[in-house]
Amino acid sequence: MKPIENRKDINVLVNAFYAKIRKDEVLGPIFNGHIEEERWPEHLEKLTDFWETNLFGVIKFKGNPTLKHINVDKNLNHSVEQKHFGIWLQLWFETIDELYEGELADKAKESARRMAHFQFMAIWNKRPVDAK
């Protein structure tokens, strides 16, 4: 095991993680249904930018993940649940533990935990009253 040290390490983590996501019986259909096959490489680079910004403070990421999550929930008839984020977190932690250790690995876990909570609450708060 080694610590997360650079963008390359983050890219390895992101690619390994989303390979699991895409195969997961619950999350796979959601992600594969919203990201076209030919757009995955671009999406993985954007997610690498996101985590590089989050873990190293390198300002590379541009985008609005909250709006994306709200739109996915809307496209799925407001059916995204906490369990979806729980599976996402479980796979994220599992992937980190298989590849890395140390302070930044722990920071990646804690950041993901906070983000999962925040994203679900943002989705919930933007739902129409009859969908809550």
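- In the nomenclature of an unreviewed UniProt entry, the chain is known as Globin family protein of Cyclobacterium amurskyense.

**A short note on unusual backbone geometry**
Here comes step 1: Positioned with a positive phi, Asn77 is a non-glycine residue whose angle comes to about 55°.
Here comes step 2: When you line up the elements, Asn77 lands in the loop between α4 (65-75) and α5 (82-99).
Here comes step 3: Positive phi, close to 60°, is recorded for His78, a residue that is not glycine.
Here comes step 4: Among the structural elements, His78 can be located in the loop between α4 and α5.
Here comes step 5: Exposure remark for His78: the relative accessible area of 22% places this residue in the partly exposed category.

**What to know about the layout of surface pockets**
Here comes step 1: Space inside the largest pocket adds up to approximately 1,000 Å³.
Here comes step 2: Lining the largest pocket are 33 residues, and of these Phe31, Ile35, His43, Lys68 and His69 lie nearest its centre.
Here comes step 3: When contributions to the lining of the largest pocket are tallied by element, the ones reaching two or more residues are α2 (27-34), α3 (40-56), α4, α5 and α6 (103-126).
Here comes step 4: In terms of residue class, the lining of the largest pocket is made up of 18 nonpolar, nine polar and six charged.

Thresholds applied
- Residues numbered from 1 in each chain as written.
- Predicted model: local features only at pLDDT ≥ 70, side-chain atom pairs only at ≥ 80, totals over all residues.
- Heavy atoms only, no water.
- Helix = DSSP H or I, 4+ residues; strand = E, 2+ residues; numbered from the N terminus.
- Buried < 20%, exposed > 50% of the residue type's maximum accessible area, 1.4 Å probe, protein only.
- 1 Å grid on protein atoms, 1.4 Å probe; cavity = no way out; pocket = protein on both sides within 12 Å on 5 of 7 lines; lining within 4 Å.
- Points joined across faces, edges and corners; volume = space filled by probe spheres on them.
- Nonpolar A, V, L, I, M, F, W, Y, C, P; charged D, E, K, R; others polar.

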